[in-house]
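Letter by letter, the chains look like this.
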Amino acid sequence: MKCSLVTLLVFCISLVCFFLSTQARWHSHSKHKHIHHPHNLSHISQPPSPAPAPSDPSNDGNSHDYTGLFDVRNFGAVGDGVADDTEAFKMAWDTACQSDSAVILVPYGFSFMIQSTIFTGPCQGGLVFQIDGTLMPPAGPDSWPKNNSRRQWLVFYRINEMSLQGGGLIDGRGEKWWNLPCKPHKGINGTTVPGPCDSPIAIRFFMSSNLSVKGLKIKNGPQFHFRFDNCKNVHVESIYITAPASSPNTDGIHIENTNDVRIYNSVISNGDDCVSIGSGCYDVDIRNITCGPGHGISIGSLGNHNTHACVSNVTVRDSVIKVSDNGVRIKTWQGGSGAVSGVTFSNIHMDNVRNPIIVDQFYCLTKACTNQTSAVFVSDILYTNIKGTYDVRNPPMRFACSDSVPCTNLTLSDVELLPAQGDIVLGPFCWNAYGDLKTLTIPPVSCLLEGTPQSILNNDIDSC
């Protein structure tokens, strides 16, 4: 009996030891799995991978168990791409808006045509607009009802806590709008014909907060694809925006009087700015964007018609800009006032960009702009780790600053820009630009002025 007890005790001790050693190995493996080695990674973030194909929600065993799910087909939507499904969407919205944590479902495999519509809040909160199918407006100006606004298509107004998401497509059907006779086109000297020229913004959020836009594809907007006006706490993630490079005014994302904005991990290819930042914006973080063809990532234009404009605390980082008219740009009109300050452009790769780095305080769309003394004050702008190639038609860096209100505290570090073709390196252009080089640059920048200009010291700059 004693022998049996001893044998049992030895077996139990061996089992415990085996268990502890196995746990130790599992724990060690788990720690090793989560170790990151950032120094082994490329300095330039890679573009986001293509979005996965949307799944069919009807095959999702959980989706239809959700008590707050409102399928637009249950409100009369047809989804054949021809029938007018506007009223069905309005009814689905009104019902979901009065429910807690509701989901409006635009199902996969259907195309819904809806007219210019304003979806109005406030709602109960936590609303999800799940687009897995296709949404489209009427096919061009001739199909647009005369009583409907030609300046916007889908508007979300006074919404708090909403997510616009899904693996579906928003097709703006913009080609007929781009070809209006009043639009810039490839005629002689860019000729245009006078006449009505309004074109709708595809998706607009107005006076809303706590917004999320994720996973969607949107193409061929008649004008801007997304616009956020007077909004707060906006998160845009993993979206794909496409329009031809020749399509006019098709900005990917435009923000105005909007703060606490995060735009991450997205691909934007269009005929205007990939992202444009208007007046009244601050606390903006843009990261891992693949931009181009297009007009780059821009702050402005600001100060048009002698207006007061303020933009601050903006970061653009870890992005790729390719085959674009501009890279990172600040553009202001003469005669404006206010300030652009606290801007960082960091870790950006340029691929055959015509104007990789540009500050233009003489922005003008015609030749009729007159010289004016006031200007939006541009200061505290950092350019760091910006590398790649430029189109040799323009200098790789251009700092054209106001005669009366110079740019100050422009800082360059680790900037290397080489011609995409040939071996002649063009020199930067500077006008009334004050700043500092933290490292040597390629091409060398010797045109920045040192110190603080007397005009800034003597004048009380109308800042923000």
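Since this is a predicted model, take the numbers as computed values, not measurements.

**What to know about the state of the cysteines**
Then, number 1: Applying the stated rule across the entire model yields seven disulfides.
Then, number 2: The residue that forms a disulfide with Cys 97 is Cys 123, at a sulfur-sulfur distance of 2.0 Å. For the disulfide bridge between Cys 97 and Cys 123, the dihedral angle about the S-S bond is near -100 degrees, and by the sign convention the bridge is left-handed. With a gap of 26 residues between them, Cys 97 in helix H2 (residues 86-97) and Cys 123 in the loop between strand E5 (117-120) and strand E6 (127-131) connect regions that are remote in the sequence.

**Remarks on the nonpolar core**
Then, number 1: Core analysis: the biggest nonpolar cluster contains 94 residues, and Trp 93, Leu 164, Phe 228, Phe 345, Tyr 383 and Phe 399 have the highest contact counts within it.
Then, number 2: What Phe 399 contacts, discounting residues up to four positions off in sequence, is Ile 357, Val 359, Tyr 383, Leu 410, Leu 412, Phe 429, Cys 430, Trp 431, Ala 433 and Leu 448.
Then, number 3: Formed by six residues, the second largest nonpolar core is a distinct cluster that contains Ala 339, Ala 375, Ile 456 and Ile 461.

**Examining the sheet that holds strand E14 (residues 226-229)**
Then, number 1: Judged by pairing direction, the sheet is parallel, and its 11 strands sit side by side in the order E5-E8-E11-E14-E17-E19-E21-E23-E25-E27-E29 without closing on themselves. Only two strands of the sheet have a single partner each, and these edge strands are E5 and strand E29 (429-431). The sheet shows a mean angle of 15 degrees between the axes of neighbouring strands, taken without regard to direction.
Then, number 2: Both E14 and strand E17 (residues 253-256) contribute to a ladder of four bridges, which runs parallel.

**Some details on the pattern of salt bridges**
Then, number 1: Applying the stated criterion to the full structure yields 11 salt bridges.
Then, number 2: Between Arg 262 and Asp 260 there is a salt bridge, with its nearest N and O atoms 3.3 Å apart.
Then, number 3: Judged by its relative accessible area of 23%, Arg 262 is partly exposed.
Then, number 4: Its relative accessible area of 30% is what places Asp 260 among the partly exposed residues.
Then, number 5: Across the pair Asp 436 and Lys 438 runs a salt bridge whose closest N-O atoms are separated by 3.4 Å.
Then, number 6: Judged by its relative accessible area of 36%, Asp 436 is partly exposed.
Then, number 7: Using a relative accessible area of 57% as the deciding quantity, one classes Lys 438 as exposed.
Then, number 8: The network of salt bridges with common partners includes Arg 204, Arg 227 and Asp 229.

**Side note on H2**
Then, number 1: The end-to-end C-alpha separation of H2 is 16 Å, in line with the 16 Å expected for 12 residues at 1.5 Å each.
Then, number 2: Those residues of H2 not exposed but buried are Thr 86, Ala 88, Phe 89, Ala 92, Trp 93, Ala 96 and Cys 97. All buried residues of H2 lie within an arc of 165 degrees about the axis, which places them on one face of the element.

**Some details on unusual backbone geometry**
Then, number 1: Cis geometry marks the peptide bond from Gly 292 to Pro 293; its omega dihedral reads -5 degrees.
Then, number 2: Structurally, the position occupied by Pro 293 is in the loop between strand E20 (281-291) and strand E21 (297-302).
Then, number 3: With an omega of -5 degrees, the peptide bond between Ile 442 and Pro 443 qualifies as cis.
Then, number 4: Checked against the element boundaries, Pro 443 lands in the loop between strand E30 (433-437) and helix H4 (454-458).
Then, number 5: For Asp 260, which is not glycine, the phi dihedral falls at a positive 60 degrees.
Then, number 6: Here Asp 260 is to be found in strand E18 (residues 259-269).

**Considerations on the side chain of Asn 355**
Then, number 1: Within the element layout of this structure, Asn 355 appears in strand E25 (residues 355-360).
Then, number 2: In terms of polar contacts, Asn 355 uses its side chain to reach the side chain of Asn 326, at 3.3 Å.
Then, number 3: Once residues lying within four places of it in the same chain are set aside, the contact partners of Asn 355 are Asp 325, Asn 326, Gly 327, Asn 394, Pro 395 and Pro 396.

**Side note on the side chain of Asn 326**
Then, number 1: Note on placement: Asn 326 falls in strand E23 (residues 326-332).
Then, number 2: A relative accessible area of 6% means that Asn 326 is categorised as buried.
Then, number 3: A polar contact of 3.4 Å, which involves the side chain of Asn 326, links it to the backbone oxygen of His 295.
Then, number 4: Those residues in contact with Asn 326 that sit more than four places away from it in its chain are Gly 294, His 295, Gly 296, Ile 321, Val 353, Asn 355 and Ile 358.

**Details of the pairing of E20**
Then, number 1: Most of E20 sits inside the fold, with eight of its 11 residues counted as buried.
Then, number 2: The pairing of E18 with E20 spans eight bridges and is parallel. Paired with Asn 259 across the two strands is Tyr 282, which belongs to E20.
Then, number 3: Strand direction decides the pairing type here: E20 and strand E22 (residues 308-322), joined by eight bridges, are parallel. Along E22, the bridge assignment pairs Cys 281 with Val 311.

Conventions and cut-offs
- Residues numbered from 1 in each chain as written.
- Predicted model: local features only at pLDDT ≥ 70, side-chain atom pairs only at ≥ 80, totals over all residues.
- Heavy atoms only, no water.
- Disulfide = S-S within 2.5 Å.
- Helix = DSSP H or I, 4+ residues; strand = E, 2+ residues; numbered from the N terminus.
- Core = buried A, V, L, I, M, F, W, Y, C linked by side-chain atoms within 4.5 Å.
- Buried < 20%, exposed > 50% of the residue type's maximum accessible area, 1.4 Å probe, protein only.
- Contact = heavy atoms within 4.5 Å.
- Pairing = 2+ DSSP bridges.
- Axes fitted to C-alpha atoms, helices over the stretch in contact; angles between N-to-C directions.
- Salt bridge = Lys/Arg side-chain N within 4 Å of Asp/Glu carboxyl O.
- Expected span 1.5 Å × (residues − 1).
- Arc of directions from axis to C-beta.
- Polar contact = N/O pair within 3.5 Å; in protein donor to acceptor, adjacent residues only side chain to side chain.

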